[in-house]
Amino acid sequence: MTANRVLIAEDESRIASVMADYLQASALETRLVERGDEVLDAIADWQPDLLLLDLNLPAVDGLTLCKQIRAQSRLPIIMVTARVDEIDRLLGLELGADDYICKPFSPREVVARVRAVLRRSVAANPEADPNQPLRLDRQGRSASVFGHPLNLTEVEYRLLELIAQRPGRVWSRSQLLDQAYSDYRDVSDRAIDSHIKNLRRKLDTTAPHYRWIHSVYGVGYRFEPEPVEDAT
Ligand code: CA
C-alpha cells in the first residue's frame, strides 16, 4: 500500500517543516508549496490525499483556494489559521473544509487531525449503495434520504456524516462534540443534544417510516435506520 500524501500549503517555512517532519514520522508523504498560486497545480500534478491549507498565503488566499477546490473535487482539506476567532467565521462561510486547526498548534495535534480526516474520507464513500436509504454528498455537504434532500446545517451534516459511517455504534456526547467542533471549549453537551434533536427531526419528517437516531440512555446516541412498525 502506498503512503497517503499530504500537500502542505504554508508560507512560514519553519511551521511547514515541523508539520512535514511529524507527518513523515507518521508514515505520510508530504510535499510543500509556499504560495497560493501554486496549490492547484500541485494538486493536479501530485494528486494528494489531503491538503493542509494555510489561510493567509501569498498570491491567492486559503479561502479562495478552498472554494475553488471544493467546486471541483472532494479532496479533504484542513484549514490552518492563526486566529482562533476566525474559526467561527470559517465555519459560518460553509466552505466545505473538513477540519480547522488553529496556530499555534502542537505537531501531534496536526498528525491526529490529518489521520482522523483521512480515515473519515475513506469511510464516507460518496458513491453510496443506491439501496441504502441515506446518501451523503461529501462535496456538496448535503444528505438525502430516499432521494429527498435534508436541509442540514454544517454541524448537522458533520454529525450525520460521522454517525452514519458506523451504524449501530454508540457515540458519547463528547465524541460527537469532538467531531462537530474544532474548538469546543465553549460548547456544552446540551448543544450536541440540540443539534441531534434537529437532525433527528429533519430525518423523521423527511422519511417518517424509519427511525434513524436512537438515544442511548446515560451515554449518547446511536445511528441505525429501522423501519417503524406499522401501528395497525
Ligand atoms: Ca501564512
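Our structure's up above, just so we're on the same page.
Here we summarise the structure given alongside this text.

1. Focus: a negative patch on the surface
Link 1 in the chain: Together, Asp11, Glu34, Glu38 and Asp41 line one region of the surface with negative charge.
Link 2 in the chain: With respect to the helices and strands, Glu34 occurs in the loop between strand E2 (29–33) and helix H2 (39–46).

2. Concerning the environment of Gln47
Link 1 in the chain: The residue Gln47 is located in the loop between H2 and strand E3 (50–54) in this model.
Link 2 in the chain: Owing to a relative accessible area of 54%, Gln47 belongs among the exposed residues under this scheme.
Link 3 in the chain: Sequence separation between Gln47 and Leu75 is 28 residues; the distance between their C-alpha atoms is 9.2 Å.
Link 4 in the chain: If near-sequence neighbours (up to four positions away) are discounted, Gln47 is found in contact with Arg5 and Ala42.
Link 5 in the chain: At 3.2 Å, the side chain of Gln47 forms a polar contact with the backbone oxygen of Ala44.

3. Quick look at the layout of surface pockets
Link 1 in the chain: In this structure, the second largest pocket encloses a volume near 250 Å³.
Link 2 in the chain: What lines the second largest pocket is a set of 12 residues, among which Arg119, Leu162, Arg169, Trp171 and Gln179 lie closest to the centre.
Link 3 in the chain: Only helix H5 (107–123), helix H6 (154–165) and helix H7 (173–180) provide two or more residues apiece to the lining of the second largest pocket.
Link 4 in the chain: Here the lining of the second largest pocket takes 4 residues from H5, the largest share from any one element.

4. Considering the pairing of strand E10 (residues 210–216)
Link 1 in the chain: Sheet topology places E10 next to strand E11 (residues 220–227); 6 bridges connect them, and they run antiparallel. From the neighbouring strand, Ser215 faces E11, where its bridge partner is Tyr221.
Link 2 in the chain: Counted along the chain from E10 to the antiparallel partner E11, the turn is 3 residues long, and its residue Gly218 has a positive phi close to 80°.

5. Notes on the nonpolar core
Link 1 in the chain: By size, the foremost hydrophobic cluster in this structure holds 28 residues, and its most contacted members are Leu134, Leu160, Leu176, Trp212 and Ile213.
Link 2 in the chain: For this core, the secondary-structure elements that each account for two or more residues are strand E6 (134–137), strand E7 (142–145), H6, H7, helix H8 (189–206), E10 and E11.
Link 3 in the chain: Among the elements that line this core, the one with the most residues is H6, at 7 residues.
Link 4 in the chain: If you look at the next biggest cluster of nonpolar residues, it comprises 24 residues, including Val39, Leu53, Ile87 and Leu95.

6. Examining the pattern of salt bridges
Link 1 in the chain: Per the stated rule, a full pass over the model turns up 16 salt bridges.
Link 2 in the chain: The residue Glu29 makes a salt bridge to Arg5 at a minimum N-O spacing of 3.7 Å. Taken together, the positions of Glu29 in strand E2 and Arg5 in strand E1 (residues 5–9) put the pair 24 residues apart, joining distant regions of the chain.
Link 3 in the chain: We classify Arg5 as partly exposed; its relative accessible area is 27%.
Link 4 in the chain: What you see here is one network of salt bridges that share partners, running through Glu10, Glu12, Asp54 and Lys103.

7. A look at the environment of Asp98
Link 1 in the chain: Among the secondary structure elements, Asp98 is positioned in the loop between helix H4 (86–93) and strand E5 (99–102).
Link 2 in the chain: Judged by its relative accessible area of 2%, Asp98 is buried.
Link 3 in the chain: The sequence separation of Asp98 and Arg138 amounts to 40 residues, and the corresponding C-alpha distance is 9.5 Å.
Link 4 in the chain: Residues within four places of Asp98 in sequence aside, it is in contact with Arg70, Leu75, Pro76, Ile77, Val117, Arg120, Arg138, Arg141 and Arg158.
Link 5 in the chain: In this structure the side chain of Asp98 is engaged in a polar contact, spanning 2.8 Å, whose partner is the side chain of Arg70.

8. Quick word on the coordination of the calcium ion
Link 1 in the chain: Coordination of the calcium ion by the protein involves Asp11 (OD), Asp54 (OD) and Asn56 (O), with metal-donor separations of 2.1 to 2.4 Å.
Link 2 in the chain: Along the chain, the residues donating to the calcium ion are arranged with the sequence spacing D-x42-D-x1-N. With a gap of 43 residues between them, Asp11 in the loop between E1 and helix H1 (13–25) and Asp54 in strand E3 connect regions that are remote in the sequence.

9. Observations regarding the side chain of Arg70
Link 1 in the chain: Within the secondary structure layout, Arg70 lies in helix H3 (residues 62–72).
Link 2 in the chain: At 3.1 Å, the side chain of Arg70 and the backbone oxygen of Ser73 are in polar contact.
Link 3 in the chain: Once residues lying within four places of it in the same chain are set aside, the contact partners of Arg70 are Leu75, Pro76, Ile77, Leu95, Gly96, Asp98 and Gln139.

10. What to know about H8
Link 1 in the chain: The first and last C-alpha atoms of H8 sit 26 Å apart over 18 residues, in line with the 26 Å expected at 1.5 Å per residue.
Link 2 in the chain: Buried within H8 are the following residues: Ile192, His195, Ile196, Leu199, Lys202 and Leu203. On an axial view of H8, the arc spanned by its buried residues comes to 125°, and they lie on one face. Within H8, the exposed residues directed more than 90 degrees away from the buried face are Arg190, Lys197 and Thr205.
Link 3 in the chain: If you follow the buried residues of H8, they end up packed against E7, strand E8 (148–150), H6, H7, E10 and E11.

Analysis parameters
Residues numbered from 1 in each chain as written. Predicted model: local features only at pLDDT ≥ 70, side-chain atom pairs only at ≥ 80, totals over all residues. Heavy atoms only, no water. Patch = residues over 30% accessible without salt bridge, like charges linked within 9 Å, V, L, I, M, F, W, Y side chains within 5 Å. Areas by Shrake-Rupley, 256 points an atom, 1.4 Å probe, with all protein chains shown as cover. Salt bridge = Lys/Arg side-chain N within 4 Å of Asp/Glu carboxyl O. Lys, Arg positive; Asp, Glu negative; His and termini not counted. Charge placed at Lys NZ, Arg CZ, Asp CG, Glu CD. Helix = DSSP H or I, 4+ residues; strand = E, 2+ residues; numbered from the N terminus. Buried < 20%, exposed > 50% of the residue type's maximum accessible area, 1.4 Å probe, protein only. Contact = heavy atoms within 4.5 Å. Polar contact = N/O pair within 3.5 Å; in protein donor to acceptor, adjacent residues only side chain to side chain. 1 Å grid on protein atoms, 1.4 Å probe; cavity = no way out; pocket = protein on both sides within 12 Å on 5 of 7 lines; lining within 4 Å. Points joined across faces, edges and corners; volume = space filled by probe spheres on them. Pairing = 2+ DSSP bridges. Core = buried A, V, L, I, M, F, W, Y, C linked by side-chain atoms within 4.5 Å. Donors = N, O, S within 2.8 Å, 3.2 Å for Na, K, Ca; no water. Expected span 1.5 Å × (residues − 1). Arc of directions from axis to C-beta.

By themselves, these observations are geometric and do not establish any function.
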